[in-house]
Amino acid sequence: MLNKMRDILNKITKSGVIDEKQVNEIVKDLQRTLITADVNVRLVKEVSNKIKKKALEEKLPPGVSRKEHLVKIIYNELVDILGEESYNPRMDKHKILLVGLFGSGKSTAVGKLSKYYLKRGLSTAAITTDTWRPAAYEQVQQLSKQVGFKLLGGKADDAVTILKKGMKESGKEEVLIVDSAGRDSLSEELISEIKQLKKTLNPDEVYLVISADIGQTATKQAQSFNEAVGLTGVIVTKTDSSGRAGGALSACKQAGVPVAFISTGEKPSDFEVFNAEKFVGRLLGFPDLGSLLKKVEEAVEESEFSPEDVLKGDYNLKTFYNQLEAMKKMGPMKKVLEMLGAGNLPSDIVESSEEKLKGFKIIMDSMTKSELEEPSLIKSNRIKRVSKGSGRTEKEVRELLKQYDASKKMIKKVKKGKFRGLPGMRGMPKGMPKDFGNLKF
Ligand code: GDP
Ligand code: MG
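Owing to the predicted nature of the structure, the values given are computational and were not obtained by experimental measurement.

A.B. asks: Give a detailed account of the overall build of the protein, specifying residues and quantitative values.
C.D. replies: When helices and strands are tallied, the protein shows 19 helices and 8 strands. Burial statistics for the protein: of 441 residues in total, 51% are counted as buried. Sequence separation of at least 24 residues holds for 75% of the intrachain contacts in the protein that already meet a minimum separation of 6.

A.B. asks: Please provide a residue-by-residue account of the packing of aromatic side chains, values included.
C.D. replies: Taken as a whole, this structure holds 8 aromatic pairs when the rule is applied. With a centroid separation of 4.9 Å and 15° between ring planes, the pair formed by Phe261 and Phe271 is classed as stacked. Here Phe271 lies in strand β8 (residues 271-273) and Phe261 lies in strand β7 (residues 259-263), a separation of 10 residues in the sequence. Just as Phe261 is buried, Phe271 falls in that class too. Following the ring pairs from residue to residue traces out a cluster consisting of Tyr87, Tyr116, Tyr117, Tyr207, Phe261 and Phe271.

A.B. asks: Mind laying out the side chain of Ser48, listing which residues take part and the relevant values?
C.D. replies: Counting through the fold element by element, Ser48 comes out in helix α3 (residues 41-57). Owing to a relative accessible area of 4%, Ser48 belongs among the buried residues under this scheme. If sequence neighbours within four positions are ignored, Ser48 has contacts with Val27 and Gln31.

A.B. asks: Pulling in residues and values, what's your account of helix α2 (residues 20-36)?
C.D. replies: Here α2 spans 24 Å end to end across 17 residues, near enough to the 24 Å set by a 1.5 Å rise per residue. What α2 keeps buried is the set Val23, Ile26, Val27, Asp29, Leu30, Thr33 and Leu34. The arc enclosing the buried residues of α2, seen along the axis, measures out at 160°, which places them on a common side. Exposed and oriented more than 90 degrees from the buried face of α2 are Glu20, Lys21, Lys28 and Thr36.

A.B. asks: Which residues make up the packing of helix α5 (residues 106-119) against helix α6 (residues 136-148), and what are the values?
C.D. replies: One way to put it is that α5 packs onto α6 with a least axis distance of 9 Å and a crossing angle of 20°. Regarding the angle of α5 to α6, the classification is roughly parallel. By crossing handedness, the relation of α5 to α6 is classed as right-handed. Residues Ser107, Thr108, Val110, Gly111, Ser114, Lys115 and Leu118 of α5 lie in contact with α6, whose contacting residues are Gln139, Val140, Leu143, Val147 and Gly148. Among the residues forming the contact of α5 with α6, the class breakdown is 5 nonpolar, 6 polar and 1 charged.

A.B. asks: Describe the nonpolar core, listing the residues and the values that go with them.
C.D. replies: Grouped together as the largest cluster of nonpolar side chains are 62 residues, with contacts concentrated most on Phe225 and Val236. Tallying contributions element by element places helix α4 (residues 66-82) first for this core, with 8 residues. Mapped onto the domain boundaries, this core takes at least three residues apiece from domain 1 (2-82) and domain 2 (94-283). Not counting residues within four places of it along the chain, the set of residues in contact with Phe225 comprises Val99, Gly100, Leu101, Leu186, Leu190, Ile194, Leu208, Gly230 and Leu231. Within the second largest apolar cluster, 25 residues are counted, among which are Leu98, Val110, Tyr137 and Phe149.

A.B. asks: Report on the sheet that holds strand β5 (residues 205-211), specifying residues and quantitative values.
C.D. replies: Spatially, the 8 strands line up as an open sheet ordered β3-β2-β4-β1-β5-β6-β7-β8, and their pairing is mixed. Of all strands in the sheet, those with a lone pairing partner are β3 (150-152) and β8, marking the two edges. Looking at each pair of strands side by side, their axes are set apart by 25° on average, direction ignored. Pairing geometry for strand β1 (residues 94-99) and strand β4 (residues 175-179), over 4 bridges, is parallel. In the sheet register, Leu97 faces β4, and the bridge partner there is Val178. Contacting β1, β2 (124-128), β4, β5, β6 (233-237), β7 and β8, α5 crosses the sheet at an angle of about 155° to β1. Contacting β1 and β5, helix α9 (residues 218-229) crosses the sheet at an angle of about 155° to β5.

A.B. asks: Could you give an account of the pattern of salt bridges, with specific residues and numbers?
C.D. replies: Taken as a whole, this structure holds 19 salt bridges when the rule is applied. One salt bridge connects Glu189 with Arg183, and the closest N-O pair in it is separated by 2.8 Å. For Glu189, a relative accessible area of 44% puts it in the partly exposed group. With a shortest N-O distance of 3.6 Å, Glu373 and Lys369 are connected by a salt bridge. Here Lys369 and Glu373 lie together in helix α17 (residues 369-373), a separation of 4 residues that amounts to about one turn.

A.B. asks: Go over the environment of Lys395 with me, naming the residues and quoting the values.
C.D. replies: Structurally, the position occupied by Lys395 is in helix α19 (residues 394-415). Residue class for Lys395 comes out exposed when judged on its relative accessible area of 67%. The spatial distance from the C-alpha of Lys395 to the C-alpha of Ile383 is 9.1 Å, given a sequence separation of 12 residues.

Rules used in this analysis
Residues numbered from 1 in each chain as written. Chains lettered and ligands numbered in written order. Predicted model: local features only at pLDDT ≥ 70, side-chain atom pairs only at ≥ 80, totals over all residues. Heavy atoms only, no water. Helix = DSSP H or I, 4+ residues; strand = E, 2+ residues; numbered from the N terminus. Buried < 20%, exposed > 50% of the residue type's maximum accessible area, 1.4 Å probe, protein only. Contact = heavy atoms within 4.5 Å. Phe/Tyr/Trp six-rings, centres within 6.5 Å; stacked < 30°, edge-to-face > 60°. Expected span 1.5 Å × (residues − 1). Arc of directions from axis to C-beta. Axes fitted to C-alpha atoms, helices over the stretch in contact; angles between N-to-C directions. Parallel < 35°, antiparallel > 145°, perpendicular 65-115°, else oblique. Left-handed = near helix turned anticlockwise from the far one by under 90°. Nonpolar A, V, L, I, M, F, W, Y, C, P; charged D, E, K, R; others polar. Core = buried A, V, L, I, M, F, W, Y, C linked by side-chain atoms within 4.5 Å. Domains from an automatic or database assignment. Pairing = 2+ DSSP bridges. Salt bridge = Lys/Arg side-chain N within 4 Å of Asp/Glu carboxyl O.

Here is the structure:
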């Protein structure tokens, strides 16, 4: 799935202009990928229609290319079908009941949850009420040694007896996690057992544990557990080994039960709070895509740099300077380029350009307002003065002016729609000087 999505994005970013035929082709690929991940067909159709409509009809925000726009639309729509915001686990004293079918990963999740809270400074204890599976107690006992939580309640023939005993033994622990037995299916017997446990424990959270393997059937399972016993969230396990995680996650959203955590492996530390944006970024093969999009937006908002100014033609050294500032706010350029998938640029090019930009900024700080607004004023005597004032060589000042000229020419091309971006780079964020790829550092 991962690679597939990356291929789709590559297709988008390799093509210069995006027309209806291409949008249709990309959406078809996306549909295939989502259906393979077991996302519900009706949902896939809905999402595809939205993406198509937005990609073709929405007005382009200033300074954003059609490619970037499409990537963003796909990203936002996928985030939307997988969940809205990041889950916010409570951090006060609370009790958790884990429910679910056999083998879904409940007992393993006891260790994971415990590790999660211990790491954040909350003490934990667990009770395992599984009287069905042989060695169920020993499994959790081993986790308790490994992770360092208290195991209470001991062993007995009856689940509620164990729970009551464990609750009596529990005291100051901030998070009490109760594991239950499960069955092959949601039988009357299982419902009644969970109801009894719930009545005795009075939990703050009831998490249904499901394996990502079950894909879109998670909707039905989450719905029926929710109706029968009441859920506050779902933990989706085995997202590492199943290609159906997308289906399982979107299915929970459909069932109206939030995904609280996802489990990404067998170790206690392979566990995280569910965050739809992060998940989609990973799905698309760009783990940092979400944070990058945000960073670029913030950088543009904070700086005086306005893509509209560039396009309106008020392009001067001040605009150039603001572009550099906007880039600086995005963090080290190497990191930004890597995030964009242009990590294959030779590192000396990237590093030297970062140094160059720093020098350029220092030089521009020594220029007068009118020089910044009208760089053609800067002739050789002014170059001397600026060089002295900034402590940089005249050669560097001339180089800056040359780069600025080159940049200005590129902007003209951008305005005429002839600019295609840097080879090997997957699109330009809007804060990035559009001419960046063509500057010869
Ligand atoms: P329970 O019957 O619901 O208590 O399920 P268990 O916690 O005993 O887990 C069943 C199996 O799934 C065990 O072999 C676990 O190691 C495995 N498992 C649980 N969570 C994950 C996960 O996120 N990834 C992988 N690969 N295996 C997992
Ligand atoms: Mg178990």
